Amino acid sequence: MNNSIGTDEEHRLAAVERYQRHYKKKATDLQDIVTLAARICNAKAAIISVVGKEKVSVEAQTGFPHAELDRSSSVCNYAIKNESITVIPDLLNHERFHALPLVKDSKGFRAYAAANLKSHDGYNLGTLCIYDTEAREISEEQAHSLLVLAKQVCHLVELEYRLSELHQKIEEIQRQKFEIETTKVVLKSVLDSSNTHHVLVSRKFAILAFNKGVADFYEAVTGKRMNVGDSIFDFIPSYYAEAFINTFNLAFAGEVINVDCFLTFGSLDPQWWGITISPTKTSKGEIIGVSYHAIDIHERKIYSEKMKKQNESLKEIAFVQAHEVRGPLASILGLINLMKSDEGPKSEYVHLLEVSAKQLDSRISKIISLTNNTE
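Note that the structure is a prediction, hence the values are computed from the model and not measured.

Caption draft 1: Seen up close, the nonpolar core. Among the nonpolar cores identified, the biggest contains 32 residues, and Leu-30, Ile-48, Leu-128, Ile-130 and Leu-146 are the most heavily contacted of them. Contributing elements (two or more residues each) for this core: helix H1 (9-19), helix H3 (27-40), strand S1 (45-51), strand S5 (111-118), strand S6 (124-132) and helix H6 (140-193). Here this core takes nine residues from H6, the largest share from any one element. In this structure Ile-130 touches Ala-37, Ala-38, Cys-41, Ala-43, Ala-45, Ala-46, Ala-111, Tyr-112, Ala-113, Ile-138 and Leu-146, once residues within four positions along its chain are discounted.

Caption draft 2: Layout of the sheet that holds strand S7 (residues 196-202). Reading across from one edge, S8-S7-S11-S10-S9 is the order of the five strands in this open sheet, with antiparallel pairing throughout. This sheet does not close on itself; its edge strands, each paired only once, are strand S8 (207-210) and strand S9 (257-263). The average angle at which neighbouring strand axes cross in this sheet is 25 degrees, direction not considered. Bridging between S7 and S8 involves three bridges; their strand directions are antiparallel. Paired with Val-201 across the strands is Ile-207, a residue of S8. Where helix H7 (residues 212-222) meets the sheet, its contacts fall on S7, S8 and strand S10 (271-281), and the angle it forms with S7 comes to roughly 90 degrees.

Caption draft 3: Main features of the pattern of salt bridges. Enumeration over the complete set of coordinates arrives at 17 salt bridges. Between Arg-175 and Glu-172 there is a salt bridge; the shortest N-O distance is 2.4 Å. Of this pair, Arg-175 and Glu-172 both sit in helix H6, separated by three residues, roughly a single helical turn. On the accessibility criterion, Arg-175 (37% relative accessible area) is partly exposed. The network of salt bridges with common partners includes Lys-212, Asp-216, Glu-219 and Arg-225.

Caption draft 4: Region of interest: a nonpolar patch on the surface. Together, Leu-159, Leu-163, Leu-166 and Ile-170 make up an exposed nonpolar region whose accessible area comes to about 310 Å². Examined against the element boundaries, Leu-159 turns out to sit in helix H6. A residue is classified by how much of its surface remains accessible, and Leu-159, at 44% relative accessible area, is partly exposed.

Quick notes on the rules
Residues numbered from 1 in each chain as written. Predicted model: local features only at pLDDT ≥ 70, side-chain atom pairs only at ≥ 80, totals over all residues. Heavy atoms only, no water. Core = buried A, V, L, I, M, F, W, Y, C linked by side-chain atoms within 4.5 Å. Buried < 20%, exposed > 50% of the residue type's maximum accessible area, 1.4 Å probe, protein only. Helix = DSSP H or I, 4+ residues; strand = E, 2+ residues; numbered from the N terminus. Contact = heavy atoms within 4.5 Å. Pairing = 2+ DSSP bridges. Axes fitted to C-alpha atoms, helices over the stretch in contact; angles between N-to-C directions. Salt bridge = Lys/Arg side-chain N within 4 Å of Asp/Glu carboxyl O. Patch = residues over 30% accessible without salt bridge, like charges linked within 9 Å, V, L, I, M, F, W, Y side chains within 5 Å. Areas by Shrake-Rupley, 256 points an atom, 1.4 Å probe, with all protein chains shown as cover.

The values are spatial; any link to function lies outside them.
Take a look at the structure:
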């Protein structure tokens, strides 16, 4: 891949931006490198330059009078276009640079040599370069040393960049860990304050999580305190084991089971429990366990059964009132009308009234009995 400035300037500038702030953090080390570069090359000045969009910043220097240059008037802007070391023996006699202020001045620079500072992904960010006030070449050994020192600059800045990334990741992990721990505390607080018993069981029937309610319940029943990693069968009565395994397998197959059960635990009186058994999945949909949520519904169930019984009794009362009471009552009313008409034998009417009255009394007693059953 050709990563020269002319082919992918946008990405090169992005790389410049990525590393920019890390030069300052290595200022002491970079200063030592430019000092060493000037000494090895017997040069009057040495700099570490970074070529930005419009400016060239000097990140470290010795003997150089500028902290920043316009990119258009910088020799380094030319050097980063070359993949090999750049050597200009006489800037004053170079058609591109002879008119630059730092060259044409009577005390200006004449000789220049630069090795590129390359990012890990291959972009030329700037240079490690030397200037001299006399026109001259540099030796092959000096050129090699400049290349080695330029690589050292890149390694130092890259290391600082990676360390910064690592610190950011560590901070992010710590933040996420704190959020997870906080969420766990809040969730546990909510679950512990709930009157529902919660327990999460792994594929191998190990307890993965539970709330205070279920732990207290089983400790009261079994005398053993529940811990993560315990087998759930240490707490479930053996006579419920088969039913537990059956529902467990259904949940692991993806089903959600809701059931009301009349259960007996230890010496406790049998009571009604509302139980929800459901698979617990990861964000990717993988089932990692089965959740059991049980709530004491005994009083509600008893009340519901009582109300059901009352409703049945009330229906029967309504039937008796509608059908069985109306017969004797109609007979009584009819006999009263006959007695008013003075027709027929009175004694016979009285007898019939007595029979109807007894029938009515029987029906009323039945209603009273049914009413008592609704209480």
